[in-house]
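Letter by letter, the chains look like this.
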Amino acid sequence: MAAITLLESLSLHQPELRGAVINTLVQNVPLMDKIKWENTKQLNVTTSYLSGIPSVSFRSLNEAPAEVKPSFAQMNETLKILEADIVIDPVLLMVDTIQNLEAANSEAVIKSIGYLVNQKLIAGDSATDPEEPDGINIRLQNDERFSGQTVNPNSGTTTTTLDLTAATNSSANRFTYLDKLDELIAVMGGTNWNNDAPINFLVNNQTERANWSFIRREKLLDTTKDQFDRTLTAFRGVPFIDVGFKPGAAAITGTFDATGATGNQIISNDGDSPTGNGANAYTASTTVYAVRFGNDYFLGLQMSPLKTKHLGQSVDNPHKSKVNIQWVFGFAAFQKRSIARLVGLNIT
């Protein structure tokens, strides 16, 4: 079965609770209707990918053709276990309220799962925490397969950021920004092929607001709508998706980062210091990520689809009623043009 998004899985037969869980994920967390998921029955997945295409040649009459073969290499991805028990006192389930308390608790935890998946998609680092999967950023920094997938706003080793702040940036800087987005699209293979795995730009809120500013000032970008009628900015048909806040308190009460030091957002606002694979040594900068979600590009790997189970009152403690949510998953980037980044932006 081909990889499918969570939204596509809603059309498949499933228990009502799990359907509600998935619906909450995809409607409240924008990336959840973009990531495609492939099922695997292993925690450690070793897979082959195309690492080299052979050169073919013409031949003369009666001459034997050259023998050619493509090159394949292997990579290993490890799935991680995300699991939570949603607990509520059974007495509260008897309270006559407008809102179902169990449903409200479940919805809040489910949103947290969505925010967590968003965060680890970008910033997961198994070297820092072995229980989490590697995200896009660490792959672009450390994996030599993605050498050349980093776009700098300046040539050479210059570390001056590209000024896109509303107060001081110029038309020249805005056009440079578009030129660099063109370059980012180019290292992803362009927009005119493989519509099954279109490019998406992943950004923070400040970058999205800067895009709206550019639209108002110079009509430099487009807009588009996703399947939930959410309006997004776009460039050459590639949408910008604000990946939002980190899980936990920041998702509800957190303010937008004034600088990277506040750390409420998944993609830091002017707080990045990108390293590796050709990144200039910028500090206090913002990054735009590009990703192709699809077969043979960037995929979510899962042991099975997200599982939910209503456990009812606990045998050990009857004062607790539980709903269990379990998801064993990881990520995989199968080829060079799966992911890329534009670094060195000064947004605010």
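Just so it is clear, the model here is predicted, and its values are computed rather than measured. Chains are numbered independently. Their residues run from 1 in the order of the written sequence. Residues qualify for local features only when their pLDDT is at least 70, as the model is predicted, and side-chain atom pairs are given and counted only at 80 or more; totals for whole chains, interfaces and linings, by contrast, use all residues. Side-chain numbers come from the whole structure's heavy atoms, not from hydrogens or water.

This part is about the overall build of the chain. A count of helical and extended segments in the chain gives eight helices and 16 strands. Only protein chains enter the calculation, and the probe is 1.4 Å; a residue is then buried if its accessible area is under 20% of its type maximum, exposed if over 50%, and partly exposed in between. The buried share of the chain, reckoned over its 348 residues, is 47%. Contacts in the chain between residues far apart in sequence, at least 24 positions, make up 72% of those at least 6 positions apart. To measure how exposed things are, a 1.4 Å probe is used in the Shrake-Rupley method; for residues, cover is taken only from the protein chains shown. Working note: accessible area of the chain is about 17,400 Å², and carbon and sulfur atoms make up 51% of it. Strands are runs of DSSP state E lasting at least two residues, helices are runs of H or I lasting at least four, and both sets are numbered from the N terminus onward. We call two residues in contact when some of their heavy atoms are within 4.5 Å.

Turning our eyes to something else, we now look at helix H7 (residues 205-218). For H7, with 14 residues, the first-to-last C-alpha span of 20 Å sits near the 20 Å given by 1.5 Å per residue. Here H7 starts with a cap whose side-chain oxygen sits 3.3 Å from the backbone nitrogen of Gln 206, and that cap is Asn 204. Any helix carries an expected span of 1.5 Å times its number of residues minus one. Within 3.5 Å is the distance limit for a polar contact, defined as a pair of N or O atoms, with the added protein rule that one can donate a hydrogen and the other accept it, and that residues adjacent in sequence qualify only through two side-chain atoms.

We count a salt bridge whenever a side-chain nitrogen from Lys or Arg sits within 4 Å of a carboxyl oxygen from Asp or Glu. For the structure shown, the criterion picks out six salt bridges. As a salt-bridge pair, Lys 120 and Glu 132 come within 2.8 Å of each other at their nearest N and O atoms. One end of the pair, Lys 120, is in helix H4 (residues 101-123); the other, Glu 132, is in the loop between H4 and helix H5 (136-142), with twelve residues separating them in the sequence. Accessibility assignment for this pair places Lys 120 and Glu 132 in one class, buried. Among the ionic pairs, Arg 145 bridges to Asp 143, the shortest N-O distance being 3.3 Å.

By the element assignment, Asn 205 lies in helix H7. Overall, Asn 205 belongs to the buried group, its relative accessible area being 14%. Side-chain polar atoms of Asn 205 contact the side chain of Arg 209, separated by 2.6 Å. Among the polar contacts made by the side chain of Asn 205, one reaches the side chain of Asp 242 at a distance of 3.2 Å. If sequence neighbours within four positions are ignored, Asn 205 has contacts with Asp 242, Phe 256 and Gln 265.

Aromatic contacts are taken between Phe, Tyr and Trp rings whose centres are within 6.5 Å, Trp giving its six-membered ring; a plane angle under 30 degrees counts as stacked, one over 60 as edge-to-face, and the others as tilted. Under the counting rule described, the total for this entry stands at ten aromatic pairs. Ring centres of Phe 201 and Phe 240 lie 4.9 Å apart, and the angle between their planes is 45 degrees; on these two criteria the pair is classed as tilted. In this pair, Phe 201 is assigned in strand E8 (residues 199-203) and Phe 240 in strand E11 (residues 238-242), connecting sequence segments 39 residues apart. The class of Phe 201 is buried, set by a relative accessible area of 0%. For Phe 240, a relative accessible area of 0% translates into the label buried. A centroid spacing of 5.9 Å and a plane angle of 65 degrees characterise the contact between Phe 329 and Phe 331, whose relative ring orientation is edge-to-face. When its relative accessible area of 6% is taken as the criterion, Phe 329 is described as buried. Between the NZ or CZ atom of Arg 209 and the centre of the ring of Phe 256, over which it lies, the distance is 5.2 Å. Charge-over-ring placement is defined geometrically: NZ (Lys) or CZ (Arg) within 6 Å of the ring centre, and within 35 degrees of the ring normal. In this structure, Arg 292 packs its charged tip against the face of Tyr 297, placed 5.8 Å from the ring centre.

Patches draw on residues past 30% relative accessible area with no salt bridge. Two like charges within 9 Å are joined, as are two nonpolar side chains (Val, Leu, Ile, Met, Phe, Trp, Tyr) within 5 Å. On the surface, Leu 50, Ile 53 and Phe 72 cluster together into a nonpolar patch covering about 370 Å² of accessible area. Among the secondary structure elements, Ile 53 is positioned in the loop between strand E3 (44-52) and strand E4 (71-78).

What follows is about the pairing of E11. Counting buried residues in E11 gives four out of five residues, a clear majority hidden from the surface. Pairing between strands is defined by DSSP: at least two bridges between the two strands are required. In this sheet, E11 lies alongside E8 in parallel orientation, the contact comprising three bridges. Across the sheet, residue Phe 201 finds its bridge partner in E11, namely Phe 240. As judged from the two bridges shared by strand E10 (residues 231-235) and E11, these two strands associate in the antiparallel manner. What sits directly across from Ala 234, in E11, is Pro 239. Between E10 and E11, which follow one another and run antiparallel, lie two residues, and Arg 236 among them has a positive phi close to 55 degrees.

So, on to the nonpolar core. Counting residues in each nonpolar core, the largest one holds 32 residues, and the members touching the most others are Val 117, Leu 121, Ile 136, Leu 202, Phe 298 and Ile 339. Among the secondary structure elements, those contributing two or more residues to this core are strand E5 (80-88), H4, H5, strand E12 (286-292) and strand E15 (321-333). Sort the elements by how many residues they give to this core and E15 lands first, with six residues. Not counting residues up to four positions away in its chain, the partners in contact with Ile 339 are Ile 136, Arg 139, Leu 140, Phe 146, Gln 149, Met 188, Ala 290, Val 291, Phe 298 and Ala 333. Core analysis: the next-biggest nonpolar cluster, separate from the first, contains 24 residues, Ile 185, Val 187, Phe 201 and Val 238 among them. The set of buried Ala, Val, Leu, Ile, Met, Phe, Trp, Tyr and Cys residues whose side-chain atoms join them within 4.5 Å is what this entry labels a nonpolar core.

The topology assignment puts Val 291 in strand E12. Remark: the alpha-carbon pair of Val 291 and Ala 340, spanning 49 residues in sequence, is separated by 6.6 Å. If near-sequence neighbours (up to four positions away) are discounted, Val 291 is found in contact with Ile 136, Met 188, Pro 198, Ile 199, Asn 200, Leu 202, Phe 298, Ser 338 and Ile 339.

The next thing to look at is the confidence of the model for the chain. Across the chain, the average pLDDT comes to 82, with 82% of residues at or above 70. The predictor reports its confidence for every residue as pLDDT, a score running from 0 up to 100. Below a pLDDT of 50 lies the segment residues 4-14, which in the model reaches 30 contacts outside its immediate sequence neighbourhood of four places, other chains included.

Between the first and last C-alpha of helix H6 (residues 171-187) there are 25 Å, a value that for 17 residues agrees with the 24 Å anticipated at 1.5 Å per step. Within H6 the residues assigned to the buried category are Arg 174, Tyr 177, Leu 178, Lys 180, Leu 181, Leu 184, Ile 185 and Val 187. With its phi angle positive at about 100 degrees, Gly 189 sits one or two positions after the end of H6.

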